[in-house]
Amino acid sequence: MEISQDEAYLMHEDHVCSQLFLSVINTQKNLIVLLHNNEPILFNQAFIDFNNTPSVKHFLREFGSLPNRFVPHDSYFHIGKASNPHNWTTDLMELPEIDRIISMLNYRIEPHAFSVSALTPSDGYTIVTFTDISQDLIKRIMIENDVSIDKESGAYDKEYFVHTSKSFQEAALFNKKLIAITMIELMSSDSEAEHYLHDFSFSVKSNIRQSDMLVRWGKKTFLLAYLVDSSENALNFSRKLLTVMREEPFQNLKTLSMRLGTTVQTQNEDISSIISRATSALQQTLNSQITLL
C-alpha cells in the first residue's frame, strides 16, 4: 500500500502533527501506541519508560514487532492466539472485554498485566491503549483462590497484603495522604492469643474505615494500614483504637494486654520501609502503650 505524503509526515516523530499527538498522550499514565498498518510509529512517554526504549526504531531493533513483547501464557492473549499475527488487534478486539488482557515484562523483568483497547480513528491508523491492571488482577486471583483472608483471625492474609500493597501506595498518592502503619502485638501466651483472635480482629474492623486494612502479620502480631494527614492524626487514631476495641461488646478483651507501634510515611518512602520503622517502634513499646517512631 502506498503511503500518502501526509501519512509519511505523521510517521516522523519530529513532525508537528506527531508532536501535537504526543503532547496529548504523554499526559496519560496508560501505555499508548500509535500503529500505522499494524506497525508502531509512535509511543507515549509511559510506554517508553516501561520498556526503557528511547524511540520506535530502538524498540523495533531490540524486540521486533510489538506482540513479541506479550508473554506467551495461556492466561493472557498473545500472538499465538491470533489467526492473523500481522492483524492481531482485530483478533484481540473480537474477544470479550474480560479476555482482552496481555502480560508484558518491564525493563526490570517485572511482570505486569494490561487490559488492552484498540481504536481505529482513521483508515490504517490504530491507537492501542494498555491499562495496567496488575494489582486488580492479583486481587481477583487471590480472592478467587480464597487466600485473601487469614482463616484463624478473619484479618487479611499477609501474603495478600504484600502482593497488593502497591494499590495502597497509589491510593495515598491519589488522595494526597500519607500511609500510616500501626503494628499491634497481643502480649499473651500463644494459646490465649488464639482464643481471642477473632474477637480482636472483629473489634478492630468495627472501628476502622472500609479502606483501612487489618492484616495478620505474625502469630500474635497484626498490621493496620491506613491513610492520614499527619503523624499526630496517626497517634490519635492509635490511642482511640486502644480504648474502643475493649468497649462493648468486646469487654472480654480488657484482660488482653497489647502494645502498639505506629509510624507515618516520610516523603517518597515505600511501604516496606514504613513497616520496618513501625516494627522498630513496636519493639520499643511497653505493654498497653503506644510508641510513634
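Coordinates for the structure precede this section.
The model shown is predicted, which means the values in this text are computed figures rather than measured ones.

What counts as what
Residues numbered from 1 in each chain as written. Predicted model: local features only at pLDDT ≥ 70, side-chain atom pairs only at ≥ 80, totals over all residues. Heavy atoms only, no water. 1 Å grid on protein atoms, 1.4 Å probe; cavity = no way out; pocket = protein on both sides within 12 Å on 5 of 7 lines; lining within 4 Å. Points joined across faces, edges and corners; volume = space filled by probe spheres on them. Helix = DSSP H or I, 4+ residues; strand = E, 2+ residues; numbered from the N terminus. Nonpolar A, V, L, I, M, F, W, Y, C, P; charged D, E, K, R; others polar. Salt bridge = Lys/Arg side-chain N within 4 Å of Asp/Glu carboxyl O. Buried < 20%, exposed > 50% of the residue type's maximum accessible area, 1.4 Å probe, protein only.

**A closer look at the layout of surface pockets**
Any space left empty among the atoms is revealed by the rolling of a water-sized probe across them.
For step 1, the next point in the chain: In this structure, the largest pocket encloses a volume near 820 Å³.
For step 2, the next point in the chain: In this structure, the largest pocket is lined by 27 residues; those nearest its centre are H112, D132, S134, K166 and E170.
For step 3, the next point in the chain: Counting only elements with at least two residues in the lining of the largest pocket, the list comes to α3 (45-51), β4 (111-122), β5 (125-132), α6 (134-144) and α7 (158-175).
For step 4, the next point in the chain: At 6 residues, α7 tops the list of elements feeding residues into the lining of the largest pocket.
For step 5, the next point in the chain: Taken together, the residues of the lining of the largest pocket sort by class into 10 nonpolar, 9 polar and 8 charged.

**Considering the pattern of salt bridges**
For step 1, the next point in the chain: Across all of its chains, the model carries 6 salt bridges by this definition.
For step 2, the next point in the chain: One salt bridge connects D150 with R216, and the closest N-O pair in it is separated by 2.9 Å. Taken as a pair, D150 in the loop between α6 and β6 (156-157) and R216 in strand β8 (residues 213-216) lie far apart in primary sequence, 66 residues in all. In terms of burial, D150 and R216 fall into one category: buried.
For step 3, the next point in the chain: Put simply, R277 and E269 hold a salt bridge, and the shortest N to O gap is 2.9 Å.

**A closer look at unusual backbone geometry**
For step 1, the next point in the chain: Unusually for a residue other than glycine, N38 sits at a positive phi of about 70 degrees.
For step 2, the next point in the chain: Note on placement: N38 falls in the loop between β1 (31-36) and β2 (39-43).
For step 3, the next point in the chain: A positive phi is found at I109, a non-glycine position, where the angle reads about 65 degrees.
For step 4, the next point in the chain: Mapped onto the secondary structure, I109 falls in the loop between β3 (101-105) and β4.

Honestly, it's all geometry; don't read function into it.
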